[in-house]
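The residues making up each chain are set out below.
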Amino acid sequence: MNYRESRSRLVEKNKGVRDKRTTLAEAVKLIHDGDHVAIGGLQYTRTPMGVIWEIIRQRKKDLTFYKTLLSFEGDWLYVSGAMRKAVTSWFSGGVSWGVSKIMRSYAEADPSSFEEWSLLGLSLRFRAGAMGLPCIPAKSMIGSDLEKTLDLKPFKCPYSGEDLVLVPAVNPDVAIIHTQVADKFGNAQIFGPPCMDADIAKAANHVILTTEQLVDNEDIRDNPNLTAIPFFCVDAVVELPYGCYPHECYGLYEPAYASLGEYGQGLLKAEDRMAFVRGYLDKYFYSPNDFEDYLSLFGVKSLLETTRKGRIWKP
Amino acid sequence: MTATYNPAELTVIVGSRSLKDGQILFAGTGLPLLSAIHAQNSHAPSLAIMFEVGGVSPQVQIGSLPRSANEARSVRRSVAMPATIDVLLYLQRGFVDVGFLGGAQIDKYGNLNSSVIGTLEKPVIRLPGSGGANDIASSANSIFIISYHEKKRFVDKVDYVTSPGFLDGGRSREKSGLLGGGVEKVITNLGILEFDKETREMTLVAVHPGVTVEEVQAKTGFKLRVADDLAVTTPPSEDELKLLRALDPEKRFLKPGEF
């Protein structure tokens, strides 16, 4: 999006303190076909899976997604038709399940559907967007083929004479983020790795926030240094326990390795991979009546085990 | 008595030995992660590891190995958890002594490809991509690489430079404006390779027990330089293997054969 236009949109937006609680279905209406959407978290930590789930259920189309490292959710977004293009530094299932065959079939058929940046390069794009700047200099990607194939501009520092590259800011239409705790105004606190969530929240024109636990505004004020995202960034707040499932939420639950493995191994073995993923989407995305129904598919045993192993806080 | 070990175990242990106590290390996932944790639990207890998800100096629990470098298990009991960008900027600022990487394809100048076999426009195999590898290779003060040694991986020129080594050799890396020192060492299941100080070409400096120079050359896709004082690696000890196997009891990373 045009740099000035993105700022104007923010200037005009209602950013005041108000109750932003809503349902997942309502919140996802902030996303329109063709939008650019930034996803919080990294690989399979603190993925806003509930919002991704609802995006797929609402049959959104032609979206461009930005994420630090994309995992299996990238497969689901491709096959559902929601994702036209992935902008990421890495896209795979993970070491245990090898390169994503779904990513391969999309990216090999249409190379423009997967745009690869270095992780720092993409992070700097988010930060430039968050800083209200159109671009930012970097010392990464220099000399590599990333420099040759991406929209980078060589730039000589006017002070030191150092060779740098400029990376363009990204101001997504919407950022989707999941945190452990938030209040109804959208003050969101993160425990564990903050990933790039604070930056994408500032860079985006709108933010959909899901949270494990809604807390009172007074609780936020007890530890204001934990607030990664202040209320004025946020447009919608949805309380969604286990909202990263089957990914992890730091300090609360581990990834559901068994379920991820079932998908990963199933995909490796499937004769018709697209049919396999469509079957997965039918079962986990389209069929459940609501998010609780979705969680029921993983089962109480899975929820308990990942909670027991992932719970870090001492009482 | 000589211990028996598979190629992955040997490579990880040689990787572990190459790390020094007190170093600040940035590690990728897979075998580099295992080498780092092995070193931390043996000769290098104060080795500080960083992962791109944002953990500084974590204490990964033995028997609870993460599946990736990027989850709660891999940042367990870190001293700090900065944002991804800030962890990567430690590299750019110069805090990181060693970056430890794997890679799909490597060439004689130490350039790595984890993006594509073929070209971006006409990919034969699209690979997962850089992650933080490009940033680590660009700016870590030195780079170690772990790789399975075979002809299709050790190529004259990589299809795509994801992570810069010495680029076109000679002084080309210095001239490019990159900050980090480039590749110091490549550790494989056959031996250890370093880079000539002038031409920056890959040079075999050590072979593992029972491996011949001819065998390494046969599995390398370019003419290999061989050091005059070629060394032979000390085989893994029982203690080294015992610790390693305790780290990965399910053999998630230490599978026999190719890795």
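Residues numbered from 1 in each chain as written. Chains lettered and ligands numbered in written order. Predicted model: local features only at pLDDT ≥ 70, side-chain atom pairs only at ≥ 80, totals over all residues.

Peer 1: Looking at this structure, how should I read the overall build of chain B?
Peer 2: Helices and strands together make up the secondary structure of chain B, namely seven helices and 14 strands. Taking 18 Å as the expected radius of gyration for a compact globule of 259 residues, we find that chain B reaches 17 Å, a close match to that expectation. The principal-axis extent of the C-alpha atoms belonging to chain B is close to 50 × 45 × 35 Å. Out of the 259 residues belonging to chain B, those deemed buried represent 56%. Looking at chain B alone, contacts between residues at least 24 apart form 66% of all its contacts between residues at least 6 apart. (Helix = DSSP H or I, 4+ residues; strand = E, 2+ residues; numbered from the N terminus. Rg over C-alpha atoms; globule rule 2.2 N^0.38 Å. Buried ≥ 20, exposed ≤ 12 C-beta atoms within 10 Å, placed from the backbone. Contact = placed C-beta atoms within 7 Å.)

Peer 1: How should the overall build of chain A be read in this particular structure?
Peer 2: A tally of helices and strands in chain A yields 13 helices and 12 strands. Its C-alpha atoms give chain A a radius of gyration of 19 Å, within 12% of the compact-globule value 20 Å for 315 residues. Principal axes of the C-alpha set define a box for chain A whose edges measure 60 × 55 × 40 Å. Look at the contacts in chain A between residues 6 or more apart in sequence, and 75% of them connect residues 24 or more apart.

Peer 1: How should I be thinking about unusual backbone geometry in this particular structure?
Peer 2: When glycine is set aside, most residues are seen to have a negative phi, and most peptide bonds are trans. Look at the link from Y245 of chain A to P246 of chain A: it is a cis peptide, with omega at 5°. Here the phi dihedral of C195 of chain A falls at roughly 50°; this positive angle occurs in a residue that is not glycine.

Peer 1: Explanation requested: the interface of chain A and chain B in the structure shown.
Peer 2: Where the parts come together, the accessible area they lose is often given as the size of the interface. Contact residues are listed per partner, giving 52 residues for chain A and 46 residues for chain B. When contributions to the side of chain A that touches chain B are tallied by element, the ones reaching two or more residues are α5 (101–109), β4 (114–116), α6 (119–131), α7 (145–149) and α8 (197–203) of chain A. The element that contributes the greatest number of residues to the side of chain A that touches chain B is α6 of chain A, accounting for five residues. Classifying every residue of the side of chain A that touches chain B gives 26 nonpolar, 15 polar and 11 charged. (Nonpolar A, V, L, I, M, F, W, Y, C, P; charged D, E, K, R; others polar.)

Peer 1: Just to check I follow, could you spell out the sheet that holds strand β5 (residues 105–107) of chain B for this structure?
Peer 2: Pairing between the strands of a sheet comes from backbone hydrogen bonds, and it takes one of two forms, parallel or antiparallel. Residue and element names in this part refer to chain B. What the three strands build is an open sheet, ordered β6-β5-β10; its pairing is mixed. Each of the sheet's edge strands pairs with one partner strand only, and the pair in question is β6 (112–113) and β10 (154–155). Pairing between β5 and β6: two bridges, direction antiparallel. Looking at β6, one finds that I106 is bridged to L112. (Pairing = 2+ DSSP bridges.)

Peer 1: What's the story with the packing of helix α4 (residues 72–80) of chain A against α5 of chain A in this structure? I'm lost.
Peer 2: Packed helices, taken two at a time, are described by the angle between their axes plus the distance between the axes. Residues and elements named next belong to chain A. In contact at an axis separation of 9 Å, α4 and α5 are set at 45° when each is read in the N-to-C sense. As summarised for this structure, α4 and α5 are arranged oblique, according to the angle between their axes. As α4 runs across α5, the sense of the crossing is left-handed. Note on element contacts: α5 touches α4 through I102, M103 and Y106, opposite G74, D75, Y78 and V79. The class makeup of the residues in the contact of α4 with α5 is five nonpolar, one polar and one charged. (Axes fitted to C-alpha atoms, helices over the stretch in contact; angles between N-to-C directions. Parallel < 35°, antiparallel > 145°, perpendicular 65-115°, else oblique. Left-handed = near helix turned anticlockwise from the far one by under 90°.)

Peer 1: How do you make sense of the confidence of the model for chain B when you look at a structure like this?
Peer 2: Parts of the prediction with low pLDDT should not have their coordinates interpreted in detail. Summary statistics for chain B give a mean pLDDT of 94 and a share of 99% for residues scoring 70 or more. Overall fold confidence for the complex sits at a pTM of 0.96, while the interface term, ipTM, reaches 0.96. (pLDDT = per-residue confidence, 0-100.)

Peer 1: Explanation requested: the sheet that holds strand β9 (residues 142–147) of chain B in the structure shown.
Peer 2: Residues and elements named next belong to chain B. Reading across from one edge, β3-β2-β1-β4-β9-β11-β12-β13-β14 is the order of the nine strands in this open sheet, with mixed pairing throughout. Looking at strand neighbours, the two that pair on one side only are β3 (55–56) and β14 (225–232), the edges of this open sheet. Relative to β14, strand β13 (residues 202–207) runs parallel, the two being bridged by four bridges. By the bridge assignment, T203 is partnered in β14 with R225. Against the sheet, helix α1 (residues 7–17) engages β9, β11 (183–188) and β12 (191–195), with an angle of about 150° to β11.

Peer 1: Help me understand the pairing of β14 of chain B, please; the structure alone is not making it clear to me.
Peer 2: Residues in a regular strand point their side chains to alternate faces of the sheet. For β14 of chain B, the tally of buried residues reaches only zero of eight residues, placing the bulk of the element at the surface. In this region the chain leaves β13 of chain B, passes through helix α6 (residues 213–218) of chain B and returns to the parallel neighbour β14 of chain B; the handedness of that crossover is right-handed. (Right-handed = clockwise from strand over helix to strand, strands pointing away.)

Peer 1: Sorry if this is basic, but what is going on with the nonpolar core here?
Peer 2: Generally speaking, soluble globular proteins have nonpolar side chains that are buried together. Of all hydrophobic cores here, the largest spans 169 residues; its most connected members are L25 and A36 of chain B. At seven residues, α6 of chain A tops the list of elements feeding residues into this core. Ignoring sequence-local partners within four residues, the contact set of A36 of chain B consists of L19, L25, A27, L47, I49 and F100 of chain B. (Core = buried A, V, L, I, M, F, W, Y, C linked by C-beta atoms within 7 Å.)

Peer 1: Please clarify how the environment of A27 of chain B should be interpreted in this entry.
Peer 2: All names here are of chain B. Looking at where A27 falls in the secondary structure, it is placed in strand β1 (residues 24–27). The class of A27 is buried, set by 28 C-beta atoms lying within 10 Å. Placed 14 residues apart in sequence, A27 and N41 show a C-alpha to C-alpha distance of 16 Å. Other than its neighbours up to four places away in sequence, A27 contacts P32, L33, A36, I49, F51, A69 and F100.

Peer 1: Looking at this structure, I do not really get the packing of helix α3 (residues 49–57) of chain A against helix α11 (residues 273–286) of chain A. What am I missing?
Peer 2: Residue and element names in this part refer to chain A. Two elements in contact, α3 and α11, have axes separated by 10 Å at closest approach and are oriented at 110°. Here α3 lies roughly perpendicular to α11, going by the angle between them. By crossing handedness, the relation of α3 to α11 is classed as left-handed. Every residue of α11 that contacts α3 at W53, I56 and R57 is listed here: L281, F285 and Y286. Of the residues that constitute the contact of α3 with α11, the class distribution is five nonpolar, no polar and one charged.

Peer 1: Teacher, can you tell me more about the environment of R221 of chain A here?
Peer 2: Along the chain, the position of R221 of chain A falls in helix α9 (residues 217–222). For R221 of chain A, a count of 11 C-beta atoms within 10 Å puts it in the exposed group.

Peer 1: Explain the environment of E26 of chain A to me, please; I cannot follow it from the model alone.
Peer 2: Residue and element names in this part refer to chain A. Along the chain, E26 falls in helix α2 (residues 24–27). You can call E26 partly exposed: it has 13 C-beta atoms within 10 Å. In this structure, the C-alpha to C-alpha distance between E26 and C233, residues 207 residues apart in sequence, is 18 Å.

Peer 1: For this particular structure, what's the right way to read the pairing of β13 of chain B?
Peer 2: Relative to β13 of chain B, β12 of chain B runs antiparallel, the two sharing five bridges. Each residue of the ladder has a partner; that of E194 of chain B, found in β13 of chain B, is T203 of chain B.

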